[in-house]
Amino acid sequence: MGDEMAATDRLARAKTRLEAYYEAELAVLSGQAYKIGTRSMTRADLGEIRQAIGELECLVEELQ
């Protein structure tokens, strides 16, 4: 039963991370870079985010 609980915890963590990556993807899509005065901000790389989403979607599917 310990292994089943560990798998359930791992699935929950993977789903939480996947949701965070979906939110990050939306943030990047709404504005990759912006500038305020002399300061500039560039969000995370969209390709890396999408790669992580794909990997996490596969993991979640596997764990379910």
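Our subject in this report is the structure included herewith. In this text, all values refer to a predicted model and were calculated from it rather than measured experimentally.

### Quick word on the nonpolar core
And then number 1: Membership of the largest hydrophobic core is limited to 9 residues, which are L11, A14, L18, V28, I49, I53, L56, L59 and V60.
And then number 2: Of all the secondary-structure elements, those providing two or more residues to this core are helix 1 (2–30) and helix 2 (46–63).
And then number 3: With 5 residues, helix 2 is the single largest residue contributor to this core.
And then number 4: When neighbours within four sequence positions are excluded, L18 is seen to be in contact with I53, L56, E57 and V60.

### Observations regarding helix 2
And then number 1: Here helix 2 contains 18 residues, and its C-alpha end-to-end distance of 25 Å stays within 8% of the 26 Å for a straight helix at 1.5 Å per residue.
And then number 2: Every buried residue of helix 2 is listed here: I49, A52, I53, L56, L59 and V60. All buried residues of helix 2 project into a common sector of 130 degrees when viewed along the axis, lining one side. Across from the buried face of helix 2, at angles greater than 90 degrees, the exposed residues are Q51, C58, E61 and E62.
And then number 3: As for helix 2, its buried residues are in contact with helix 1.
And then number 4: Two or three places before G47, at the start of helix 2, stands the capping residue D45, its side-chain oxygen 3.1 Å from that residue's backbone nitrogen.

Cut-offs applied
Residues numbered from 1 in each chain as written. Predicted model: local features only at pLDDT ≥ 70, side-chain atom pairs only at ≥ 80, totals over all residues. Heavy atoms only, no water. Core = buried A, V, L, I, M, F, W, Y, C linked by side-chain atoms within 4.5 Å. Buried < 20%, exposed > 50% of the residue type's maximum accessible area, 1.4 Å probe, protein only. Helix = DSSP H or I, 4+ residues; strand = E, 2+ residues; numbered from the N terminus. Contact = heavy atoms within 4.5 Å. Expected span 1.5 Å × (residues − 1). Arc of directions from axis to C-beta. Polar contact = N/O pair within 3.5 Å; in protein donor to acceptor, adjacent residues only side chain to side chain.

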